[in-house]
Amino acid sequence: MTSRRDFFRYAGVTGGAVAISAVSRVAMAALPEPVIQTRPDTMPPLVPDSGTPYNPVVTLNGWTLPWRMNQGVKEFHLVAEPVVREMAPGFKAHLWGYNGQSPGPTIEVVEGDRVRVFVTNKLPEHTSIHWHGQRLPSGMDGVSGLTQPSIQPGKTFVYEFVARRPGTFMYHPHADEMTQMAMGMMGFWVTHPKARHPLIDEVQRDFCFLLNAYDIDPGSYTPKTMTMTDFNLWSWNSRIFPGIDTLNVRLNDKVRIRIGNLTMTNHPIHVHGHEFTVTGTDGGPTPKASRWPEVTADIAVGQMRQIDFVADEEGDWAFHCHKSHHTMNAMGHNVPMLIGVDHSGVARKINKLIPEYMVMGERGMADMTEMEMPIPDNTAPMMTGEGPFGSVEMGGMFSVLKVRRDQKPGDYKDPGWFKHPEGTVAHEYTGPLAEPARFKAEGGQSMPRVQSPAKVTEVQVRKPASHSGH
């Protein structure tokens, strides 16, 4: 027998019908059965089978929360609870989230919808939910102590308001905020326009994800919630590369990507191979006269950005935060600089004594992928990801935009690696290797020193003195 829980779960996995219209009045008067998701996969878009039609979003490594219609009101049920989130294959974190995952499920509604959200607290402390960016009655704004009493453990609260304007929004607690957001409590909200909107173009692909960050020591599971800025895991929807799914589109699709930032710093998000325009912000769609082409958009703390572009270049295109330390996985920030120091075999010897110890490579950080440095259990490699030409040497906030001519409309499956046309891949130079004459004549000769030092100073290699502070 299929229970309502099973029905919703199935709907969530397959993207099938979601609204319930044939249940009894008694059932509709009860709390909606919560839908729980146990997998970190990117679920297909949840196509609505009732109400105003819209083009649903695809949540990267996430899902959309099914709802039920109850006398014209869209009802959702969020459960705040501890979760285990797989952040990358072989690496799991003990987080707090909603309905089995962190971030929680995306909520999708239509401009003008009356929305009722039940929130059940299964955390060990009180909580609340703030609907970031929404216009609503003050008492529904979710600021614990200011606009409502806290939701105590075991209790269920109801939020109800009309989705007044289309746009990209977020939700997160406004109770013990530093702890609860550092533990992963957040989610995405999209309000679709109820009719054609002069500033919101129709698109074929509509992706969304949240930027978040954690401080989890190698070999451990739980974030250090007292960390203010020195995080060591930079993630999209609580996933780190190579655990972040690719964004797969059809050649010449119009693509929209919605991004919200709930970390403690800004992120310059960069797309290779294409120019985009910022078509929406926290305040709604941007006026067309204010748009210009970009390849990188900086997203500040608490902000949302919606970027649109036409995917008109086939290939595999990197898509990442342009802060380079945000594209690496867990590492110690006080590691000595060891470039040029022969310390072969040292890491393995130290690891026998201090399992969580990690050192920098002697030729650069690429050694971290080459030498398969031993790492503690439940730890993602610092730089990893196997591509068609070798290691991608990335981590954190990195993924790939895959544009394919033969990707079918509505198909979000990974098409595999791009097959480059002959003659279009960078390759080794195999011609004559004689040194060009201009190299011999250049370099420090244009403005020589009047007096040279009597003795040439020989720079000594700096060697580590201790391991304190690791």
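Conventions we followed
Residue numbers restart at each chain and count upward from 1, following the sequence in its written direction. With the structure being a predicted model, the display of local features is reserved for residues of pLDDT at least 70 and the display and counting of side-chain atom pairs for 80 or more, all residues being used for whole-chain, interface and lining totals. Hydrogens and waters are ignored; side-chain quantities use all the structure's heavy atoms. Here a helix means four or more residues in a row that DSSP labels H or I, a strand means two or more in a row labelled E, and each is numbered from the N terminus. Residue burial is assigned from relative accessible area. The probe radius is 1.4 Å, only protein chains are included, and a residue is buried under 20% of its type maximum, exposed over 50%, and partly exposed in between. Here, residues are in contact when the closest pair of their heavy atoms is within 4.5 Å. Only the protein chains shown count as cover for residues, with accessible areas throughout obtained via the Shrake-Rupley method and a probe of 1.4 Å. By this definition, two strands are paired if DSSP reports at least two bridges between them. Convention adopted: a line fitted to C-alpha atoms gives each axis, helices being fitted over their contacting stretch, and angles between N-to-C directions are expressed from 0 to 180 degrees. Under the pairing criterion, centres of Phe, Tyr and Trp rings, with the six-membered ring standing for Trp, must be within 6.5 Å; the plane angle then separates stacked pairs below 30 degrees from edge-to-face pairs above 60, leaving the rest tilted. Only lysine NZ and arginine CZ atoms are considered, and such an atom sits over a ring when it is within 6 Å of the ring centre and within 35 degrees of the ring normal. Think of a salt bridge as a Lys or Arg side-chain nitrogen and an Asp or Glu carboxyl oxygen that are within 4 Å of each other. Residues qualify for a patch when their relative accessible area is over 30% and they have no salt bridge, like charges being joined within 9 Å and the nonpolar side chains of Val, Leu, Ile, Met, Phe, Trp and Tyr within 5 Å.

Going by the annotation in an unreviewed UniProt entry, the name recorded for the chain is FtsP/CotA-like multicopper oxidase with cupredoxin domain, with Sphaerotilus montanus given as the source organism.

A.B. asks: I would appreciate a short explanation of the overall build of the chain in the present structure.
C.D. replies: Scanning the chain for helices and strands turns up 6 helices and 23 strands. For the chain, buried positions account for 49% of its 470 residues. Within the chain, contacts between residues at least 6 apart in sequence are counted, and of these 74% link residues at least 24 apart. When the accessible area of the chain is evaluated, it comes to approximately 23,200 Å², of which 55% is carbon and sulfur surface.

A.B. asks: Even after reading the chapter, I still don't get the sheet that holds strand S10 (residues 187–192), so can you show me in this structure?
C.D. replies: Pairing is mixed across the open sheet formed by 4 strands, whose spatial order is S5-S10-S9-S7. A single partner strand is all that each edge strand has here, and the edge strands are strand S5 (107–110) and strand S7 (130–132). Neighbour-to-neighbour, the strand axes of the sheet open up by a mean angle of 25°, direction not taken into account.

A.B. asks: Honestly, unusual backbone geometry in this entry has me stumped. Any pointers?
C.D. replies: The phi angle of most residues is negative, glycine excepted, and most peptide bonds adopt the trans form. Along the chain, Ser102 connects to Pro103 via a cis peptide bond; the corresponding omega equals -5°. The residue Pro103 is located in the loop between strand S4 (91–98) and S5 in this model. Following Phe241, the chain continues to Pro242 via a peptide bond in cis, the omega torsion being 10°. Within the chain, Asn237 stands out as a residue other than glycine whose phi angle is a positive 50°. Mapped onto the secondary structure, Asn237 falls in the loop between strand S12 (233–236) and strand S13 (247–250). In the Ramachandran plot, Glu393 falls in the positive-phi region, its phi being about 55° despite a non-glycine side chain. Note that Glu393 resides in strand S22 (residues 390–394).

A.B. asks: Is there a simple way to think about the packing of aromatic side chains in this case?
C.D. replies: To describe a pair of aromatic rings, one takes the distance between the centres and the angle between the planes. Under the definition given, this model contains 13 aromatic pairs. For the ring pair Trp236 and Phe319, a centre distance of 5.0 Å and an interplane angle of 55° mean the geometry is tilted. With a gap of 83 residues between them, Trp236 in strand S12 and Phe319 in strand S20 (residues 315–321) connect regions that are remote in the sequence. The class of Phe319 is buried, set by a relative accessible area of 1%. Through pairs of rings, three or more aromatic residues link up here, namely Tyr98, Trp131, Tyr159, Phe161, Tyr171 and Trp189. Of note, Arg205 hangs over the ring of Tyr412, and the distance from its end group to the ring centre comes to 4.7 Å.

A.B. asks: I keep staring at the pairing of strand S15 (residues 267–271) and nothing clicks. Help me out?
C.D. replies: Across the 5 residues that make up S15, a large majority, 5, are buried. By the alternation rule, side chains of S15 split into His267, Ile269 and Val271 and Pro268 and His270, which are all buried. In the sheet, S15 pairs with strand S18 (residues 296–299) via 4 bridges, with the strands oriented antiparallel. Residue His270 lies in a different strand from S18, and its bridge partner there is Thr296. Pairing of S15 with S20, which is carried by 3 bridges, proceeds in the antiparallel orientation. Opposite Val271, over in S20, you have Phe319 as the bridge partner.

A.B. asks: How should I be thinking about the pattern of salt bridges in this particular structure?
C.D. replies: Note that side chains of opposite charge can pair when their charged atoms are close. Counted under the stated rule, the structure contains 19 salt bridges. In this structure, the salt-bridge partner of Arg39 is Asp41, at a minimum N-O distance of 2.9 Å. Of the residues examined, Arg39 reaches a relative accessible area of 37% and is grouped as partly exposed. On the accessibility criterion, Asp41 (30% relative accessible area) is partly exposed. Close ionic contact of Lys288 with Asp201 constitutes a salt bridge, the shortest N to O distance being 3.6 Å. Here Asp201 lies in the loop between S10 and strand S11 (205–214) and Lys288 lies in the loop between strand S17 (284–285) and S18, a separation of 87 residues in the sequence.

A.B. asks: What's the story with a nonpolar patch on the surface in this structure? I'm lost.
C.D. replies: Together, Met178, Met226 and Met228 give the surface a local cluster of nonpolar side chains, amounting to about 330 Å² of exposed area. Its location among the elements puts Met228 in the loop between S11 and S12.

A.B. asks: What is the right way to read the pairing of strand S23 (residues 398–404) from this model?
C.D. replies: Strand residues, when the strand is regular, have side chains that alternate between the two faces of the sheet. With 7 of 7 residues buried, S23 is to be regarded as a mostly interior element. Burial of S23 is two-sided: the residues Phe398, Val400, Lys402 and Arg404 facing one way and the residues Ser399, Leu401 and Val403 facing the other way are all buried. For S13 and S23, the ladder comprises 4 bridges, and the chain directions are parallel. Paired with Arg250 across the strands is Arg404, a residue of S23. Direction of pairing for S20 relative to S23: antiparallel, over a ladder of 6 bridges. Across the sheet, residue Asp316 finds its bridge partner in S23, namely Lys402.

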